[in-house]
Protein chains: 2
Amino acid sequence: MAREILYQKIAKIIEEQILSETLRIGDKLPSIRSIQKNYNVGLNTAKQVFLELESKSLVESRPRSGYYVSRTFQRKMALPSVSEPRLAKKENTPEELTRKVFDSLQDKDITRFSLGIPDQNLLPVAKLNKGIVRAMRSLPESGTEIEPAQGSINLRRNIAKWSLVLEGKLTEDDIVTTHGTMSAVYYCLLAVTKPGDTIATESPMYFGILQLAKSMGLNVIELPTHPVTGVDLDALKNNIHKINACCFVTNFSNPLGSLMPDENKKLLVEMLTYHNIPLIEDDLLGNLFFGNSRPKPCKVYDEAGIVMWCGGVSKTLSPGYRVGWVAPGKFKEKIIWQKLVQTVSMPSLFQEVIADFMEFGRYDHHLRGLRHTLHTNCLKFQRTIEDYFPENTRISQPQGGFFLWLELDEKIDTSELYDIAMAQKISFAPGRLFTQHNQFNNCMRLSFALNWNEKVESDLIQLGNIIKQNF
Amino acid sequence: MAREILYQKIAKIIEEQILSETLRIGDKLPSIRSIQKNYNVGLNTAKQVFLELESKSLVESRPRSGYYVSRTFQRKMALPSVSEPRLAKKENTPEELTRKVFDSLQDKDITRFSLGIPDQNLLPVAKLNKGIVRAMRSLPESGTEIEPAQGSINLRRNIAKWSLVLEGKLTEDDIVTTHGTMSAVYYCLLAVTKPGDTIATESPMYFGILQLAKSMGLNVIELPTHPVTGVDLDALKNNIHKINACCFVTNFSNPLGSLMPDENKKLLVEMLTYHNIPLIEDDLLGNLFFGNSRPKPCKVYDEAGIVMWCGGVSKTLSPGYRVGWVAPGKFKEKIIWQKLVQTVSMPSLFQEVIADFMEFGRYDHHLRGLRHTLHTNCLKFQRTIEDYFPENTRISQPQGGFFLWLELDEKIDTSELYDIAMAQKISFAPGRLFTQHNQFNNCMRLSFALNWNEKVESDLIQLGNIIKQNF
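Keep in mind the model is a prediction, meaning the values are calculated, not measured. Residue positions are counted from 1 within each chain, in the order its sequence is given. As they are written, the chains are lettered A onward and the ligands numbered 1 onward, keeping that order. With the structure being a predicted model, the display of local features is reserved for residues of pLDDT at least 70 and the display and counting of side-chain atom pairs for 80 or more, all residues being used for whole-chain, interface and lining totals. Values shown for side chains rest on all heavy atoms present in the structure; no hydrogens or waters enter the calculation.

A.B. asks: In this structure, what is going on with the overall build of chain A? I would like to understand it.
C.D. replies: Within chain A one finds 15 helices and 17 strands. Against the 2.2 N^0.38 benchmark of 23 Å for 471 residues, chain A shows a C-alpha radius of gyration of 23 Å, consistent with a compact globule. Structurally, chain A occupies a C-alpha span of about 70 × 55 × 45 Å along its principal axes. Each residue is assigned to one of three classes by its accessible area relative to the maximum for its type, calculated with a 1.4 Å probe on protein chains only: buried under 20%, partly exposed between the two thresholds, exposed over 50%. The buried share of chain A, reckoned over its 471 residues, is 63%. Any two residues whose heavy atoms approach within 4.5 Å are treated as being in contact. Here the contacts in chain A between residues at least 6 apart in sequence split such that 75% fall between residues at least 24 apart. Here the Shrake-Rupley method, with its probe set to 1.4 Å, supplies the accessible areas, and only the displayed protein chains count as covering residues. On chain A, roughly 18200 Å² of surface is accessible, and the fraction owed to carbon and sulfur atoms is 49%. Neither His nor the chain ends is counted toward charge; the positive residues are Lys and Arg and the negative residues Asp and Glu. Taken as the charge centre is NZ of Lys, CZ of Arg, CG of Asp or CD of Glu, depending on the residue. Within chain A, one finds 56 positive and 53 negative side-chain charges whose respective centroids are separated by 4 Å. Secondary structure elements follow DSSP: runs of H or I no shorter than four residues count as helices, runs of E no shorter than two count as strands, and numbering proceeds from the N terminus. To get the radius of gyration, use the C-alpha atoms; to get the globule rule, take the number of residues to the power 0.38 and multiply by 2.2 Å.

A.B. asks: Please clarify how the packing of aromatic side chains should be interpreted in this entry.
C.D. replies: The way to describe two aromatic rings as a pair is by their centre distance and the angle between their planes. Within 6.5 Å between ring centres, the rings of Phe, Tyr and Trp (the latter by its six-membered ring) count as paired, and their orientation is classed by plane angle as stacked under 30 degrees, edge-to-face over 60, tilted in between. Within the structure shown, the criterion is met by 29 aromatic pairs over all chains. Taking 5.8 Å as the distance between ring centres and 80 degrees as the angle between the ring planes, the aromatic pair formed by Y418(A) and F428(A) counts as edge-to-face. Taken together, the positions of Y418(A) in helix α14 (residues 414–423) and F428(A) in the loop between β15 (426–427) and β16 (429–430) put the pair 10 residues apart, joining distant regions of the chain. The burial state of Y418(A) is the same as that of F428(A); both residues are buried. Ring centres 6.3 Å apart and planes at 45 degrees place the aromatic pair F290(B) and F448(B) in the tilted group. Within this pair, whereas F290(B) is found in the loop between β10 (279–282) and β11 (307–312), its partner F448(B) is found in the loop between β17 (443–447) and α15 (454–469), the two being separated by 158 residues in sequence. The burial state of F290(B) is the same as that of F448(B); both residues are buried. An aromatic cluster of three or more residues is present, and its members are F113(A), F290(A), F381(A), F448(A) and W452(A).

A.B. asks: It is not clear to me how the domain arrangement of chain A should be interpreted in this structure. Could you clarify?
C.D. replies: Often, the extent of an interface is quoted as the loss of accessible area upon association of its parts. What marks off one domain from the next here is an automatic or database domain assignment. According to the domain assignment, chain A contains domain 1 (6–73), domain 2 (95–122 + 364–469) and domain 3 (126–360). Look at where the C-alpha atoms of domain 1 of chain A and domain 3 of chain A centre, and you get two points 38 Å apart.

A.B. asks: Which parts of the structure should I look at to understand the interface of chain A and chain B?
C.D. replies: Each partner contributes residues to the interface: chain A has 51 residues there, and chain B has 51 residues. Once two parts are brought into contact, the accessible area they lose, counted with a 1.4 Å probe and summed over both, makes up the buried area. Carbon and sulfur atoms make up 63% of the area that chain A and chain B hide from each other, which totals about 4500 Å². When the buried surface of chain A facing chain B is broken down by residue, T144(A), I146(A) and W337(A) rank first, second and third, together holding 15% of it. Within this document, salt bridges are pairs made up of a side-chain nitrogen of Lys or Arg and a carboxyl oxygen of Asp or Glu, the two lying within 4 Å of each other. In this structure, R99(A) and E333(B) form a salt bridge, with 3.7 Å as the shortest nitrogen-oxygen distance. In protein, a polar contact requires one atom able to donate a hydrogen and another able to accept it; more generally it is a pair of N or O atoms within 3.5 Å, and residues adjacent in sequence count only if both atoms are side-chain atoms. Inspection of the chain A/chain B interface yields 17 residue pairs in polar contact (both at pLDDT 80 or more). If you tally residues by element for the side of chain A that touches chain B, the top one is helix α11 (residues 332–343) of chain A, at 7 residues. Under the convention adopted here, Pro, Cys and the residues Ala, Val, Leu, Ile, Met, Phe, Trp and Tyr are nonpolar, Asp, Glu, Lys and Arg are charged, and Gly plus all remaining residues are polar. Here the side of chain A that touches chain B is built from residues that sort into 25 nonpolar, 18 polar and 8 charged.

A.B. asks: I would appreciate a short explanation of the environment of P297(A) in the present structure.
C.D. replies: Residue and element names in this part refer to chain A. By the element assignment, P297 lies in the loop between β10 (279–282) and β11 (307–312). Taking relative accessible area as the criterion, P297 reaches 0% and is therefore assigned buried. In this structure, the C-alpha to C-alpha distance between P297 and D282, residues 15 residues apart in sequence, is 9.1 Å. Non-local contacts of P297, meaning those with residues more than four positions away in its chain, are made with V165, L166, N251, K265, E281, D283 and W309.

A.B. asks: In this structure, what is going on with the relation of the copies chain A and chain B? I would like to understand it.
C.D. replies: The operation relating the two chain copies consists of a rotation about an axis and a shift along that axis. Of the transformation placing chain A onto chain B, the axial shift is 0.0 Å and the rotation is 180 degrees, giving an RMSD of 0.1 Å. The symmetry that links the two subunits is that of a two-fold axis. Residues of chain A ranked by C-alpha distance from the rotation axis are headed by V133(A), positioned 3.9 Å from it. Comparing interface residues between copies, 100% of those in chain A also sit at the interface in chain B, which points to an isologous, same-surface contact. Copy-to-copy superposition: least squares on the C-alpha atoms, limited to residues that have pLDDT of at least 70 in both copies.

A.B. asks: I would appreciate a short explanation of the sheet that holds strand β17 (residues 443–447) of chain A in the present structure.
C.D. replies: Note: strands within a sheet are paired through backbone hydrogen bonds, in either parallel or antiparallel orientation. Residues and elements named next belong to chain A. Taken in spatial order, the 4 strands make up an open sheet running β13-β14-β17-β16, and their pairing is antiparallel. A strand with exactly one partner marks an edge of an open sheet, and here the two such strands are β13 (394–395) and β16. Pairing between two strands is assigned when DSSP locates at least 2 bridges connecting them. Across 2 bridges, β16 lies against β17 in antiparallel orientation. Across the sheet, residue P430 finds its bridge partner in β17, namely M444. Inter-axis angles, ranging from 0 to 180 degrees, are taken between N-to-C directions of lines fitted to C-alpha atoms, where helices are fitted over the stretch in contact. Here helix α13 (residues 362–388) sits on the sheet and contacts β13, β14 (403–407) and β17; the angle it forms with β14, its principal contact strand, is near 20 degrees.

A.B. asks: Looking at this model, I keep getting lost on the side chain of Q436(B). Mind explaining?
C.D. replies: Checked against the element boundaries, Q436(B) lands in the loop between β16 (429–430) and β17. A distance of 3.0 Å separates the side chain of Q436(B) from the side chain of K214(B), its partner in a polar contact.

A.B. asks: Can you help me understand the pairing of β11(B) in this one?
C.D. replies: Across a regular strand the side chains alternate sides, sitting on one face of the sheet and then on the other. All names here are of chain B. Where burial is concerned, most of β11 is hidden: 6 out of the 6 residues are buried. Residues V307, W309 and G311 line one face of β11 and the alternating positions M308, C310 and G312 line the opposite face, and both faces are buried. Bridge count for β10 against β11 is 4 bridges, and the pairing is parallel. Within the sheet, the bridge partner assigned to E281 lies in β11 and is W309. In terms of strand pairing, β11 meets strand β12 (residues 323–327) through 4 bridges, oriented antiparallel. Along β12, the bridge assignment pairs G312 with G324.

A.B. asks: Would you mind showing me how to read the nonpolar core here?
C.D. replies: Here is a general trend for soluble globular proteins: nonpolar side chains tend to be buried in one another's company. One finds F113(A), L463(A), F113(B) and L463(B) to be the most contacted residues of the largest nonpolar core, which totals 232 residues. Not counting the four nearest positions on each side in its chain, L463(A) is found in contact with F113(A), F389(A), A421(A), I426(A), F428(A), M444(A) and L446(A). Nonpolar core, defined: a set of buried Ala, Val, Leu, Ile, Met, Phe, Trp, Tyr and Cys residues in which side-chain atoms within 4.5 Å join the residues together.

A.B. asks: Help me understand unusual backbone geometry in this model?
C.D. replies: Leaving glycine out, the prevailing phi sign among residues is negative, and the prevailing peptide bond configuration is trans. A cis geometry characterises the amide bond from S203(A) onward to P204(A), with omega recorded as -5 degrees. Relative to the helices and strands, P204(A) is located in the loop between β5 (198–201) and α8 (207–215). That bond from N254(B) to P255(B) is cis: its omega, 20 degrees, falls within 30 degrees of zero. As for its placement among the helices and strands, P255(B) is situated in the loop between β9 (245–248) and α10 (262–275). For N40(A), which is not a glycine, the phi torsion comes out positive at approximately 55 degrees. Residue N40(A) is classed as exposed on the basis of its relative accessible area of 71%.

A.B. asks: Would you mind going over the pattern of salt bridges with me for this structure?
C.D. replies: Side chains that carry opposite charge are capable of pairing whenever their charged atoms lie near each other. Going through the model one piece at a time under the given rule, you end up with 33 salt bridges over all chains. Through salt bridges with shared partners, one network takes in E95(A), E96(A), R99(A) and E333(B).

A.B. asks: I tried to follow the packing of helix α7 (residues 181–192) of chain A against α11(A) on my own but got confused; where do I start?
C.D. replies: The relative placement of two packed helices comes down to the angle between their axes together with the axis-to-axis distance. All names here are of chain A. At their nearest, the axes of α7 and α11 sit 9 Å apart, and the two run at 115 degrees to each other. The angle between the axes of α7 and α11 places the two elements in the roughly perpendicular class. For the element pair α7 and α11, the recorded crossing hand is right-handed. Residues Y186, Y187, C188, L190 and A191 of α7 lie in contact with α11, whose contacting residues are K334, I335, Q338, K339, Q342 and T343. Reported orientations rely on four angle classes, namely roughly parallel under 35 degrees, roughly antiparallel over 145, roughly perpendicular from 65 to 115, and oblique for the rest. Note on convention: near helix rotated counterclockwise from far helix by under a right angle means a left-handed crossing. Clockwise means right-handed.

A.B. asks: When you look at the pairing of β17(A) in this model, what are you seeing that I'm missing?
C.D. replies: Residue and element names in this part refer to chain A. Burial within β17 is extensive, with 5 of its 5 residues counted as buried. Side chains C443, R445 and S447 of β17 all project onto a buried face; the interleaved residues M444 and L446 project onto the opposite face, where all are buried too. Pairing geometry for β14 and β17, over 5 bridges, is antiparallel. Of the residues in β17, the one forming a bridge with F403 is S447.

Written out as C-alpha cells, the structure reads:
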C-alpha cells in the first residue's frame, strides 16, 4: 500500500481525539504554529490539516481566534432502532416498487439519492479507458477468445495479492471471477441451497439479495440487526436449526451501514462451522472504510471452507464492467461448474483492466481518494439532514460504504413520498424495498456517493421540506 | 445486404447444376470462353469462377483439356444413421468427459478439432478493436455505467433491423441481450421450467444444453433426429404429453448439422402452439449457411409468442465478448427480471461494438467471407476424411455451421481414442458427450472452423490413421 499523505495522517490523529472526546465540542484546537512544531511539518501542511478537518465538519474557524471543535459535530438525531422483523406482518416482496426505483436510475435529470452505485464523477473513467487500450494490446487475440471458466488468471492473482486483509490466506486458485458481485452471490446460493430452503439475512437487507432469493424459491429469515454492530448473533442462534445458509453483508451493510465487530465475526464463523452452515459474505463495500484500516471479512476466520467471500469493483471503480469474484471455500468446483454451464465464460478484457489497475497501485490510490470524498460527503449529508429534516428523524452512523438509513416519523409512508419527490426530480430508496415484511414504511436509504454541490445540497434540503410538508 | 461478388454468383449456379446432377461426375464444364460469353463477364472473372469451384473440390482441371466435375465430389461414405435414443441404456451425463474436453481448449499446441468456436484466424479482430475504441468514445461515461436490464438499446435496435430473416417481426422492444447465447438459453429454461420438468431435445444434442438442463434438475427426452432434416416430429408428437418445453437447434444443429425444412418448422410451431408448449430455439449458427439464403427460424411462424429465439455472435465474431440475445415472446418480462436479479446488467461496451459492426454492413461483409471459408473447409475435410478414414465411416452432410459428425465402426470407443489422439496433440469431441444415454460411443464431432493448412490437413490424416490402428 502507498503511504498516506502527511496532512491526512495528522488530521486523522486529531479526528480520533475528537471522536474519543479527548477534544470536546467547543474546545480550541492547537494553533497552526504548534502543529508545525509538534509534527515537524511546513506551514502549508499544517494549514491543510485544518482544511481537511473543516471539510469533514469536525472543526470550524473563528475569525482572529483559530479553530474549534465544531458544534455541528455533535449528533442531534438518534440512531435508527435495532430492527425487529415483524414476522406476523404479511410476507410480500416488493417487486413492483423495486422495478419502479430501478427504472428511474437511467434518468440523469433526477438527483438520485436512490443510487446504489457511485456518481460517475467519483470514478476514474479516463484511467480505465487507458487500461482498456493496454488490455486490448496485451491480451492474446485482444480478448476475443474465451477464457477458462474459473476466470482471468491475471485478475485472480491480483485479487489474491491485493487482498492483504485476508492475511495471505487466498491464492489465485481459491478465486472464481463472476459477472459482478450479485452474480457471485447467485452462484453461491445455487451451490448451497435448493428451492424451499431457508437463508438468514440482516434486516433491513439489500433488496437485490431479497429479490434474488425469492426468485430462487428460497425462504428468508430476516434477523434483528443493530445499526452499528450488525446482525444479532443470539437471534441467529435461536433460528439456527431452520437455516440452510446465511447471507450477510458484514462490512457496512446495505442499507444500515453497520460493521460487525471482529469478535462477532469470529463467533459467527465458529457457530456456523459447528452447524456446518455456509456463510455467503457479501464484502463489496469493505474497502470503503472511514476508519484507519480495512475491516476484516469473516473469511479470515474460516478454517473449514464454509465462508464464500464475495467482492467486486461495481461500487468503487466501474459498475458497468460487471466484474466481481468469489472465494468460495469448499464449494469452488460447484461454482465453476455453474458458471460454465450457464455462461461458458466471462469477457477477459474488463478483468484484465481491473487486474492492471490493482497491480500498479492505481486502485489503492483511487480508493484513498474515494474514501476521503465519501467520508466528507457522509458528514455533509448528516449535517444537512440534522438541520433540515424533522427533529424526530433517526439517522444511521455508517462507518464506511455510502448509504445513510433514515427512520422518519411513524406516520410517514416513504413509498408514497417517493412519488411526490420524484415529481420534483428527487429520488431515494423507500424503506419498504429492504424487507419482505410490511415494515420500514417510514424509512429511506440515501446514497451519499454523489458529487456534492449546490444542486445536491438544495435537493437534500428540499427532500427534508417535502417530508415536513407531508405529515 | 450487399451484393454478392459476380464470380461467386456464377460459381453458385454451376455448383447447383452439379448438386442437382445436371452436370455429373466426369462431365466437362463449359470453357472459360463460353462462360465469358454466356454471362457477359471478363476473362479474370471467368477464371475466378473455376478457381472458386476448384477450391470447393467440385471441379478439377485436366492439363490442356479444361475443367471437369470432380471425381472426389461423389460421396463415398454414407450419412450417419437416424438417431435412435437408447432409453434403456443407463442414464448418465458425461460430466467428467465434458470437463476433460473443456480443459484442453486452452492449449494452443493442440490441433483442436474439438473446438466449438471458430479459429482466431477467421475472426475480424483488428476491426473489432477499432470498434472498441469507437464505443469507448461514443458511450456515455465510456461504458462504466450500468445499463437497463433489457440490454443496450443500440444493439437491440440493430439486431431487429439486421434480422431480415424474421421478416420485420421483431422490434428492439422484443429483444433482451444476454451474456452469450448459453445464458439466453439458461434464462429461457428458468422462465418456462421448474426442477423435475421435462424438456425435449435433438439426439445427439449439444452437450452444453444437456449439462445445463441436468444442473437445473430437468429431465431430458432425446428425440430421434435425422442427419439432414433434424428432429423427428412424429416422435415429438408421441411424447408431447410428457414435455414442458422444447429446446432445439433448428438451423445446423450441433453436432449433426441438420437443417429443419420450413414445412417442418411450421408444423412444429403449430403443434407446440396447440399444446401451449414453449420452444427455445437456439439459432446461433443460422447465419453460417452454405446455401443461397439464410434459413428461417421457427420464430417466423410464431403467432402466440411461444418461441424464444436465441442468437449471438460467439460463433461468428467474438466468442470472448459473450454477447448473445433472445426474443422471448410472451416470456419477456420473466427473462428481464431473471437477468436483473442475477446479474443486474451486462457490460455495454461489447454490445456497442457489435451494434456498430451490424449497423455499417461490416457484419454482413464478414459473414459472407466466413461462410465461404467454412463451406470450402467443409468440402476439404469431407474429402480428406473420405480418403484417409476407414471406409465404413459414416459422415454428415452439414448445410451450414462448422461441425462434422462421424459415425465410426461399432467397435471403436471414441472416449478411449480421445486420450490416444491427445497424446499426439490432436483433439476432437467424443460422441458420448452429446447424449445422456450410453450411446454414440463410436461417434465424434469435428470442427472445420480451423485455418486450413498443411498442419491441419496432416493432423486430420493422422487422426484417420489413429482410428485405423485402433480397431
